[in-house]
Amino acid sequence: MENDNKKGFYFKQYEAPNQSPFDKLFGIFKELITHTSGDFDEAIDWLRELDKEYKLTDEHYTIDDFIEDLKKKGYIRDELKEDGTSGIGITAKTERAIRQQALDQIFGNLKRSGSGNHKTKHSGNGDEHTGEFREFHFGDGLERISLTESLRNAQINNGMEDFMLTENDLVVEETQYKSQMSTVLMIDISHSMILYGEDRITPAKKVAMALAELITTRYPKDTLDILVFGNDAWTIAIKDLPYLKVGPFHTNTVAGLQLAMDLLRRKRNTNKQIFMITDGKPSCVRERDGSYYMNSNGLDEYIVDKCYSQAQQARKLHIPITTFMIANDPYLQQFVNKFTEANQGKAFYTGLKGLGEMIFEDYETNRKKRVK
């Protein structure tokens, strides 16, 4: 009888996934609403322009139909603007959708898991299986014995005719401890983040939204605080990330670091870290009398020394700082090298394209000692 079960690869012409007209436009809309910092009218104007150029709609489904569906599905609502006029704004449902899209774009489709999932350097009686095996030791729990591997050893050592299972045949699977993490993400919102024709704030926002979605879904017992720093520093809620804009600010890195450490002091988790996304050297500090000392020329010794002091203080508190440089500025490079040395942290020059992947990799592989 001829065997019809053929094995191998089959190739065919690529077929785009079958999307409804709404879903196709909604993916573009979420991208545009991020770039426009939540400005619905501007996002729709851009969508209409794209429609003219790329024929995104037809007579059966128009942009106006799409707007009507956004209302029906609860993605937008009527609201009053700051100037008192009526307008349309996005809802919390859209904010969640934007964060999920950022997560999918940057980190991939990650499955939800339980609380705390960070690897540590310690192996032994932990709670996460590694796939590696070792011989059984007195005191190992019976539930950790790998029955399949142990029976295989018994068969090899004793044969099938005189089959017997001894202690020497037993193997257990290695496990690792899981730890919880408290993270502060610092985002530079100084004016340079939109200078020179390059939009640096949108990729930074996307990373923040993706990281927020990652932690709330994959590591629900971890904590994430997000702060922005310009002339001063302040925290922002996750729901406000789509609306984040840069301002006519200098770069007060000291204020950001001080606020980050204040936030982490209040956390009960032993494992703490700071991620800092910046594109420029420190150029501003706030004095005790409330005035600002600013200097954008080169590296101001007075300003950078205060930054180095904050880095050393974080090191004493066992808080590593990872700096992600998204601009190739020689002054920034010089500052970050000394700053990282003072903190014994890490620094990456990623550019904008690899920013999300680098932060995810560092977050996932950051192994901490277990406190007993």
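Residue numbering note: each chain is counted from 1, following its sequence as written. Where totals are concerned, whole chains, interfaces and linings use all residues; where local detail is concerned, this predicted model gives features only for residues with pLDDT of at least 70, and gives and counts side-chain atom pairs only at 80 or more. To get the side-chain values, all heavy atoms of the structure are used, and hydrogens and water are removed first.

Naming follows an unreviewed UniProt entry, where the protein chain appears as von Willebrand factor type A domain-containing protein of Flavobacterium degerlachei.

This part covers the packing of aromatic side chains. Put simply, two rings from Phe, Tyr or Trp (the six-membered ring, in Trp's case) pair if the centres are within 6.5 Å, and we call them stacked under 30 degrees between planes, edge-to-face over 60, tilted for the rest. This structure, assessed with the given rule, holds 13 aromatic pairs. A centroid spacing of 5.3 Å and a plane angle of 20° characterise the contact between F22 and F26, whose relative ring orientation is stacked. One end of the pair, F22, and the other, F26, are both in helix 1 (residues 21-35), 4 residues apart, so they sit about a helical turn from each other. Burial here depends on accessible area, computed with a 1.4 Å probe over protein chains only, as a share of the maximum for the residue type. Under 20% is buried, over 50% is exposed, and the range in between is partly exposed. Given the relative accessible area of 7%, F22 is considered buried. A relative accessible area of 6% places F26 in the buried class. With 5.4 Å between their ring centres and 35° between their planes, F335 and F339 make a pair best called tilted. Numbered from the N terminus, helices here are DSSP runs of H or I no shorter than four residues, and strands are runs of E no shorter than two.

Moving on, we get to helix 7 (residues 253-265). An α-helix turns once per 3.6 residues; consequently, residues spaced three or four apart project the same way. Between its first and last C-alpha atoms helix 7 spans 18 Å; for 13 residues at 1.5 Å apiece the expected length is 18 Å, and the two agree. Most of helix 7 is tucked away: 10 of the 13 residues are buried. Taken as a whole, helix 7 has its buried residues at T253, V254, A255, G256, L257, L259, A260, M261, L263 and L264. Helix span, expected: 1.5 Å multiplied by one less than the number of residues in the helix.

We now examine the pairing of strand 13 (residues 346-349). Within a regular strand, the side chains alternate between the two sheet faces. As paired elements, strand 12 (residues 321-325) and strand 13 share 4 bridges and run parallel to each other. Note on strand 13: the bridge partner recorded for T322 is K346. Crossover connection from strand 12 via helix 9 (residues 330-343) to parallel strand 13: handedness right-handed. For two strands to be treated as a pair, DSSP must find at least two bridges joining them. Handedness rule for crossovers: strands pointing away from the viewer, path from the first strand over the helix to the second running clockwise, crossover right-handed.

Moving on, we come to the side chain of T322. With respect to the helices and strands, the residue T322 is situated in strand 12. Of the residues examined, T322 reaches a relative accessible area of 4% and is grouped as buried. Polar contacts here mean pairs of N or O atoms no more than 3.5 Å apart (in protein, one a potential hydrogen donor and the other a potential acceptor; neighbouring residues in sequence count only if both atoms are side-chain atoms). At a separation of 3.2 Å, a polar atom in the side chain of T322 contacts the side chain of D362. Whether two residues are in contact is decided by their heavy atoms, any of which lying within 4.5 Å being enough. Excluding residues within four positions of it along the chain, T322 makes contact with I274, F275, M276, K346, F348 and D362.

Attention now moves to the confidence of the model for the protein chain. Low-pLDDT stretches of the model should not have their predicted coordinates read in fine detail. Summarising the model, the protein chain shows a mean pLDDT of 85, and 86% of its residues fall at 70 or more. pLDDT is a per-residue confidence score from the predictor, ranging from 0 to 100. Considering only residues more than four positions removed or in separate chains, one finds that residues 109-128, a stretch of pLDDT under 50, has 71 contacts. When the criterion is pLDDT under 50, residues 367-372 qualifies, and its contacts beyond four places in sequence or with other chains add up to 15 contacts.

Our focus in this paragraph is unusual backbone geometry. In this structure, K55 is a non-glycine residue whose phi angle is positive, near 55°. Along the chain, the position of K55 falls in the loop between helix 2 (40-54) and helix 3 (63-72). Given the relative accessible area of 61%, K55 is considered exposed. Phi is positive for Q344, close to 60°, though the residue is something other than glycine.

Relative to the 21 Å expected for 15 residues at 1.5 Å per residue, helix 1 spans 22 Å between its end C-alpha atoms, a close match to the ideal helical length. Among the residues of helix 1, F22, L25, F26, F29, K30, L32, I33 and T34 are the ones counted as buried. The secondary structure elements touched by the buried residues of helix 1 are helix 2, helix 3, strand 2 (86-90), helix 4 (92-107) and helix 6 (201-218). S37 sits one or two residues past helix 1 and shows a positive phi near 55°.

Okay, the nonpolar core next. By convention a nonpolar core is built from buried Ala, Val, Leu, Ile, Met, Phe, Trp, Tyr and Cys residues, the set being connected through side-chain atoms within 4.5 Å. By size, the foremost hydrophobic cluster in this structure holds 56 residues, and its most contacted members are F29, F66, L70, L185, I187 and L211. Sort the elements by how many residues they give to this core and helix 6 lands first, with 10 residues. These domain limits were set by an automatic method or by a database of domain assignments. Viewed by domain, this core spans two of them, domain 1 (21-90) and domain 3 (181-369), each represented by three or more residues. Sequence-distant contacts of L70, defined by excluding residues within four places in its chain, comprise F22, F26, F29, F40, Y75 and I76.

Strand order in the open sheet formed by 6 strands is 8-7-6-9-12-13, with mixed pairing between adjacent strands. Each edge of the open sheet is held by one strand with a lone partner, namely strand 8 (233-236) and strand 13. Strand-to-strand twist in this sheet, taken as the mean axis angle between neighbours without regard to direction, amounts to 20°. Relative to strand 8, strand 7 (residues 223-229) runs antiparallel, the two being bridged by 4 bridges. Bridge pairing in strand 8 places I226 opposite I236. Geometry is summarised by axes, namely lines fitted to C-alpha atoms with helices restricted to the contacting stretch, and by angles between N-to-C directions that run from 0 to 180 degrees. Strands in contact with helix 6 are strand 6 (181-188), strand 7 and strand 9 (271-278); relative to strand 6, the strand with the most contacts, it is inclined by about 165°.

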